[in-house]
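Inside the fold
Spelled out from the first residue to the last, the chains are:
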Amino acid sequence: MCGIIGYIGNKKAEPILINGLLRLEYRGYDSAGISTIEKNGLKTIKNKGRVSELEKVSGINDLTGTIGIGHTRWATHGKPSSTNSHPHMDNSKKFAVVHNGIIENYADLKDFLKSQNYTFLSETDTEVIPNLIHYYYQTSKNTGSKKLLEAVSNTIKMLKGSYALEILCSDFPDNMIVVRKDSPLVIGKGLNENYISSDIPAILSFTKDFYLLNDNELAFISRDSIEFYDSNLNKIEKIPQNITWNAGAAEKNGYPDFMLKEINEQPMAIRETIGSRITSNSKSIIPDLDGLNKSYLSSINKISIVACGTAMHAGLAGKTLFETLCEIPVEVEAASEFRYRNPLINEKTLCIFISQSGETADTIAALKLAKSKGSKTLAISNVIGSSISREADFTIYTHAGPEIAVASTKAYTSQIVLLAIIAINFAEKLNLNKEKLEELKKDILLLPSQLEEILGNIQNIKNFAQKIYKEKDIFFIGRGIDYTVALEGSLKLKEISYIHSEAYPSGELKHGPIALIENDVTVISILTNRLLVEKSISNIQEVVTRGAKTFIVTNQELNHKFDEVIQIPKTNTLISPVLSIVPLQLLSYYISKEKGLDVDKPRNLAKSVTVE
Ligand code: G6P
């Protein structure tokens, strides 16, 4: 939530900051603002609303400074307004700060600063930061950059919560300080220029060399150098990481929206995620998992999969995979619940954390909790060097490329494929289910071309979207692994079309929701398990009898007539969500388009939930 961007170099900063903010807007779009260092000091322009509104503010094009910071906001403390927008300044207007995160003890800090005669303009938690920096700067006995570094270091020692901060000081017109804790921030290294951002894709067109900061490490940035310090201001060395994503991956490449592009990138995302990890007729090769060997896997009594949102739905598919192939019991839980309920895990539990961004606050906190209880931790992330990958004992990456649309699509299918590959790897180590594994590997390798087949035939989905886009309630049903897809399909629909929807296990219909089925209500059903077809058809007939319209995604031959049947290729039930979710992603997408909504940036949501 919230995106921050920074530039320090020889070019005019303003267009670079605006461009970066547009790319980071998926993280929040309640307000936007920038500060640059001009010849006559710091200049800040900020505005309520989207970055496109900020671009219209008079005078913004007149900024000529070559150092600047920017922010796009997802409001937490204080309603969306110009005053609450970032950057925030201290009372003396010497410091400008942008912040992503939450300062939990801001009220106490505000009281302290008020007692020192500081005044506040906004309702935000952030405004205490520039004022605290000013407070420590004034009282510092140091000189030069040490004085500024000391003031920032003393300030962050007072902060409780999460933060990625960019700080400008008018006494240092050629520098910027950045620091982070539990919120993402990357530094892109250029030639005589440096870029700062909440994520890599926003600055990928400028550089592929990135520095990553650990919690409470500071960077003192100039045009041609970056000094790194630990929290006690000891100098540290860092080596930049080279990122292999190409810049085009962060562009729409001719698609009207990122979501449609990302849906269509699924064949490629799956191919890349499979990579050379599995081939048919030979054992999986996953060096990242060598540490989880046979003796360890034989000793564990449970796997806990913990994640949020769509990643948790991928985890539900993972449960069936691990239980079927590895014969180990699996629990799946929302990170926000797991972290506060004292879960029964110990050194015999393997905890798997799934997070596309690797920055979701609840997932990171849950991971820390699992470590504190002695469990081994395995992270699944799409972002190299992300926070969860740095915290976990083991990390394995999906290679889906940057996912920018708020509603997750290719990350979900890549996560399920990776879970399947991990389950195969574990089962091989445990010498279990040899034949099943061979069949499953073959089926996994077919997924990319099967996805291409589904994506090449979407007209009926578009037509059905046109029929139902005005509806108020839509139901999703399925059994077993199809139920997990129903949950994800329902989430997609809610997120981007704002239609109320619920997902139920088909067998639960009669325990309540069928009371809501009346003439013309749409029921969407997923039907991919041969063994459960007849039972599921009976459930669908029950809603048809009560007047429901039916949209069915299936890989089975159905001898009954329904309003719309989308046939998908046959595959192993264990990985069927990778195919059966795609028509539902597309249905939500086209419903949202019919309604004229902003598909990539649905209201109130943000891609990366870096606050609780
Ligand atoms: C937000 C996003 C979802 C995502 C979830 C978890 O809610 O809108 O698309 O599934 O966070 O994100 P993560 O990055 O941890 O997978």
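Keep in mind that what you see is a predicted model, and the values were worked out from it rather than measured. (Residues numbered from 1 in each chain as written. Predicted model: local features only at pLDDT ≥ 70, side-chain atom pairs only at ≥ 80, totals over all residues. Heavy atoms only, no water.)

1. What to know about the domain arrangement of the chain
Structurally, the chain comprises domain 1 (3-250), domain 2 (260-454) and domain 3 (459-594). Taking the mean C-alpha position of each, domain 2 and domain 3 sit 26 Å from one another. Buried area between domain 2 and domain 3, both sides added, is near 2,400 Å², and the carbon and sulfur share of it is 75%. When the area that domain 2 buries against domain 3 is broken down by residue, the three leading residues are H313, Y412 and I454, summing to 24%. Our count for the contact surface shared by domain 2 and domain 3 stands at zero salt bridges. Counting the contacts that link domain 2 with domain 3 gives six residue pairs in polar contact (both at pLDDT 80 or more). Broken down by secondary-structure element, the contributors of at least two residues to the side of domain 2 that touches domain 3 are α6 (258-264), α7 (266-274), α9 (309-326), α13 (410-429) and α14 (434-455). Ranked by the residues each element gives to the side of domain 2 that touches domain 3, the list is headed by α9, at nine residues. Its residues assigned to classes, the side of domain 2 that touches domain 3 shows 17 nonpolar, 10 polar and two charged. (Domains from an automatic or database assignment. Buried area = accessible area lost by both parts, 1.4 Å probe. Salt bridge = Lys/Arg side-chain N within 4 Å of Asp/Glu carboxyl O. Polar contact = N/O pair within 3.5 Å; in protein donor to acceptor, adjacent residues only side chain to side chain. Helix = DSSP H or I, 4+ residues; strand = E, 2+ residues; numbered from the N terminus. Nonpolar A, V, L, I, M, F, W, Y, C, P; charged D, E, K, R; others polar.)

2. Remarks on the nonpolar core
Most often, soluble globular proteins have nonpolar side chains that are buried together. F322, L325, L378, F426 and I444 are the most contacted members of the largest nonpolar core, which totals 93 residues. Ranked by residues supplied to this core, first place goes to α13 with 12 residues. Each residue touching L378, except ones within four places of it in the same chain, is listed here: L289, L292, L350, C351, I352, F353, A392, F394, T395, I396, I422 and F426. Residues F95, L148, C169 and I177 belong to the second largest nonpolar core, which totals 29 residues. (Core = buried A, V, L, I, M, F, W, Y, C linked by side-chain atoms within 4.5 Å. Buried < 20%, exposed > 50% of the residue type's maximum accessible area, 1.4 Å probe, protein only. Contact = heavy atoms within 4.5 Å.)

3. What about the site of the ligand?
Around the ligand, the structure places 14 residues, and the nearest of them are S355, Q356, S357, T360 and V406. Between the ligand and T310 there is a distance of 3.1 Å, counted from an oxygen atom to a backbone nitrogen or oxygen. With the chains in place, 90% of the 390 Å² that the ligand exposes on its own is no longer accessible. Cavity membership is defined here by more than half of the atoms lying within 2 Å of grid points; on that basis the ligand lies in the largest pocket. In terms of residue count, the dominant contributor to the shell around the ligand is α9 (three residues). Split into classes, the residues belonging to the shell around the ligand amount to five nonpolar, seven polar and two charged. (Near = heavy atom within 4 Å. Areas by Shrake-Rupley, 256 points an atom, 1.4 Å probe, with all protein chains shown as cover. 1 Å grid on protein atoms, 1.4 Å probe; cavity = no way out; pocket = protein on both sides within 12 Å on 5 of 7 lines; lining within 4 Å. Sits in = over half its atoms within 2 Å of the grid points.)

4. Comments concerning empty space enclosed by the protein
Scanning all chains against the criterion turns up three cavities of 30 Å³ or more. Considering only enclosed or pocket space, the largest cavity measures out at about 250 Å³ in volume. Taken together, 25 residues make up the lining of the largest cavity; nearest its centre are S198, D199, I200, S357 and V383. Across the lining of the largest cavity, the residue classes tally to 12 nonpolar, seven polar and six charged. Composition of the lining of the largest cavity by domain shows at least three residues from each of domain 1 (3-250) and domain 2 (260-454). The volume enclosed by the second largest cavity comes to roughly 70 Å³. Taken together, C2, R73, W74, T76, H77, H86, H99, G101, T124, D125 and T126 make up the lining of the second largest cavity. Taken together, the residues that form the lining of the second largest cavity break down as two nonpolar, seven polar and two charged. (Points joined across faces, edges and corners; volume = space filled by probe spheres on them.)

5. Let's talk about the pairing of strand β11 (residues 209-212)
Taken residue by residue, a regular strand's side chains alternate between the two faces of the sheet. Where strand β9 (residues 186-189) lies against β11, three bridges are found, and the strand directions are antiparallel. Each residue of the ladder has a partner; that of V186, found in β11, is L212. Where β11 meets strand β15 (residues 241-242), two bridges bridge the pair, whose relative direction is antiparallel. Bridging across to β15, D209 finds its partner in N242. (Pairing = 2+ DSSP bridges.)

6. Section: the pattern of salt bridges
Within this structure, the stated rule accounts for 31 salt bridges. Where K368 meets E391, a salt bridge forms, and the shortest distance between an N and an O atom there is 4.0 Å. Separated by 23 residues along the polypeptide, K368 in helix α11 (residues 361-372) and E391 in helix α12 (residues 387-391) bring together distant segments of the chain. A salt bridge links K549 to E471; the shortest N-O distance between them is 2.6 Å. Of this pair, K549 sits in strand β24 (residues 549-554) while E471 sits in the loop between α15 (459-468) and β21 (473-478), placing them 78 residues apart in sequence. According to the relative accessible area criterion, K549 is buried, its value standing at 14%.

7. Observations regarding the sheet that holds β21
Judged by pairing direction, the sheet is parallel, and its five strands sit side by side in the order β22-β21-β23-β24-β25 without closing on themselves. Of all the strands in the sheet, the pair left with one neighbour each is β22 (500-505) and β25 (564-567). Across the sheet, the axes of successive neighbouring strands diverge by a mean angle of 15 degrees, strand direction being ignored. Pairing between β21 and β22: six bridges, direction parallel. Bridge pairing links I477 to Y504 in β22. (Axes fitted to C-alpha atoms, helices over the stretch in contact; angles between N-to-C directions.)

8. Here's the deal with the packing of aromatic side chains
Evaluation of the coordinates by the stated rule reveals 11 aromatic pairs. Considering the side-chain rings of F322 and F426, the 5.8 Å spacing of their centres and the 40 degrees angle between planes classify their relative orientation as tilted. Of this pair, F322 sits in helix α9 while F426 sits in helix α13, placing them 104 residues apart in sequence. You'll find F322 and F426 in the same group, each marked buried. (Phe/Tyr/Trp six-rings, centres within 6.5 Å; stacked < 30°, edge-to-face > 60°.)

9. Observations concerning the sheet that holds strand β7 (residues 161-169)
Read across the open sheet, the seven strands follow the order β5-β6-β7-β8-β12-β13-β14; overall the sheet is antiparallel. Only two strands of the sheet have a single partner each, and these edge strands are β5 (88-89) and β14 (235-236). The pairing of strand β6 (residues 95-103) with β7 spans nine bridges and is antiparallel. Note on β7: the bridge partner recorded for N100 is A164. Across the sheet, helix α4 (residues 128-139) touches β5, β6 and β7, and the angle it forms with β6 is around 125 degrees.

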